[in-house]
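Residue-level structure breakdown
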Amino acid sequence: MLQSAPFLLVGLATLLGLLVGSFLNVVIYRLPVMMERAWRRESEALLVPAGGSAAVAAEPFDLVRPRSACPACKAPIKARHNVPVLGWLWLRGRCAACGAPISARYPVVEALTGLVSGFLVWQFGYTPDALGALVLTWSLIALTMIDLDHQLLPDSITLPLLWAGLLFHLVAGPRPDTSPFAAGLADGVIGAMAGYLSLWLVYHGFRLVTGKEGMGYGDFKLFAALLAWLGYQMFLPILLLSALTGAVTGVALIALGRHARQEPIPFGPYLAAAGFVALAWGEPLLTAVPFLRIFP
Ligand SMILES: [Zn+2]
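Residues numbered from 1 in each chain as written. Predicted model: local features only at pLDDT ≥ 70, side-chain atom pairs only at ≥ 80, totals over all residues.

What about the overall build of the chain?
Counting secondary structure elements, the chain contains nine helices and zero strands. Each of the 296 residues in the chain was classed as buried or not, and the buried ones make up 34%. In the chain, the share of contacts with a sequence separation of at least 24, taken over all contacts with a separation of at least 6, comes to 69%. (Helix = DSSP H or I, 4+ residues; strand = E, 2+ residues; numbered from the N terminus. Buried ≥ 20, exposed ≤ 12 C-beta atoms within 10 Å, placed from the backbone. Contact = placed C-beta atoms within 7 Å.)

Here it is, written out as structure tokens:
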């Protein structure tokens with residue numbers, strides 16, 4: 001039925017995307033806090049002598065506990081105010097209990113996830129490709145926001161994303177030429193290795209020459225994950241597109257005085273954006289810019 005009613009399918013995908021966007025907001029906010037607590041617990045286990053008291057609070061903190069609350073007044077957020085986008089609009093961006101402003105980022109992430117999900121399903125239809133594209137894109141949205149906030153790409157997202165790409169090829173089997181995943185399993189394995197090794201080499205080369213660290217290991221893992229899904233054929237398009245947009249944005253931010261020259265600029269968002277372009281418009285891009293197709 002969904003196959004014969006494309007508008008219904010796209011509408012349902014948009015709705016699902018709004019709900020997933022709401023969950024991504026939770027991941028974006030809580031995952032880095034959970035990682036920081038785990039690091040602190042580990043270093044205390046090493047540093048505090050046995051029998052000494054640990055300072056880390058013991059109350060559980062994960063993706064579901066404690067319930068969402070206003071950061072200003074700690075009032076729990078009611079279910080109807082948690083409805084994606086609409087809840088924020090209904091409250092006019094302010095906490096119902098204390099009136100503290102709620103960041104517009106939450107509805108923006110929800111709306112973006114909804115629109116992009118609808119677009120992908122419109123593009124790829126009722127196919128395994130649409131499912132793969134959704135999983136990949138949702139992960140990229142979470143990684144982008146966490147990297148912007150913390151200069152960090154969590155292993156707990158990048159590594160499962162890489163394995164999920166290889167598993168997708170294994171389960172879905174050969175895809176048609178029009179599919180963004182047409183490259184298949186073997187090219188995905190080669191892509192993952194090429195993606196990791198290339199940025200690893202750039203990183204160590206840059207460090208030898210300048211003594212500075214230009215990016216993090218998370219960038220290697222994200223590039224590896226993207227190429228596990230899309231195949232080594234997308235190596236050059238993603239690398240050039242992300243380096244180019246990253247350099248242009250970096251220079252513009254420094255020129256506008258919005259960014260100090262010495263501060264590291266997170267590379268993850270550019271990799272993620274270039275990966276999304278390769279996912280949605282990979283073939284047209286290779287056709288428009290033929291020299292990108294050096295790997296047949
Ligand atoms: Zn409040």
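That covers the picture; the talk isn't over yet.
Side note on the environment of Ser 156
Relative to the elements of secondary structure, Ser 156 occurs in helix α5 (residues 155-172). Its 11 C-beta neighbours within 10 Å are what place Ser 156 among the exposed residues. Along the primary structure Ser 156 and Leu 31 are separated by 125 residues, whereas in three dimensions their C-alpha atoms are 9.0 Å apart.

Details of the nonpolar core
Among the nonpolar cores identified, the biggest contains 58 residues, and Ala 142, Phe 223, Ala 224, Leu 226, Leu 227, Ile 238 and Leu 271 are the most heavily contacted of them. Mapped by element, the contributors of at least two residues to this core are α1 (6-47), α3 (105-124), α4 (128-150), α5, α6 (184-210), α7 (217-230), α8 (235-255) and α9 (268-288). Per-domain counts for this core show at least three residues from each of domain 1 (1-36 + 58-126) and domain 2 (128-296). The residues touching Phe 223, leaving out its near neighbours within four places in the chain, are Gly 195, Tyr 196, Leu 199 and Leu 271. (Core = buried A, V, L, I, M, F, W, Y, C linked by C-beta atoms within 7 Å. Domains from an automatic or database assignment.)

Details of the domain arrangement of the chain
We note that the domain assignment places domain 1 (1-36 + 58-126) and domain 2 (128-296) within the chain. A separation of 25 Å is found between the C-alpha centroids of domain 1 and domain 2. The interface is formed by 18 residues belonging to domain 1 together with 16 residues belonging to domain 2. Those elements that provide at least two residues to the side of domain 1 that touches domain 2 are α1 and α3. At nine residues, the largest contribution of residues to the side of domain 1 that touches domain 2 is made by α3. Broken down by class, the residue content of the side of domain 1 that touches domain 2 amounts to 14 nonpolar, four polar and no charged. (Nonpolar A, V, L, I, M, F, W, Y, C, P; charged D, E, K, R; others polar.)

Thoughts on the packing of α4 against α5
Where α4 meets α5, the axes come as close as 11 Å, and the angle between the chain directions of the two elements is 175 degrees. Relative to α5, the element α4 is oriented roughly antiparallel. Touching Pro 128, Gly 132, Val 135, Ser 139, Ala 142 and Leu 143 of α4 are Ile 157, Thr 158, Leu 161, Ala 164, Phe 168 and Ala 172, all from α5. For the contact of α4 with α5, the class distribution of residues is nine nonpolar, three polar and no charged. (Axes fitted to C-alpha atoms, helices over the stretch in contact; angles between N-to-C directions. Parallel < 35°, antiparallel > 145°, perpendicular 65-115°, else oblique.)

Some points on the packing of α6 against α7
Look at α6 against α7: their axes get within 7 Å of each other, and the N-to-C directions meet at 160 degrees. As far as their axial angle goes, α7 and α6 are roughly antiparallel. As for the relative orientation of α6 and α7, their crossing is right-handed in sense. Of the residues in α7, those in contact with Gly 188, Gly 191, Ala 192, Ala 194, Gly 195, Tyr 196, Leu 199 and Trp 200 of α6 are Asp 219, Phe 220, Lys 221, Phe 223, Ala 224, Leu 226, Leu 227, Ala 228, Trp 229 and Leu 230. Per-class residue counts for the contact of α6 with α7 are 13 nonpolar, three polar and two charged. (Left-handed = near helix turned anticlockwise from the far one by under 90°.)

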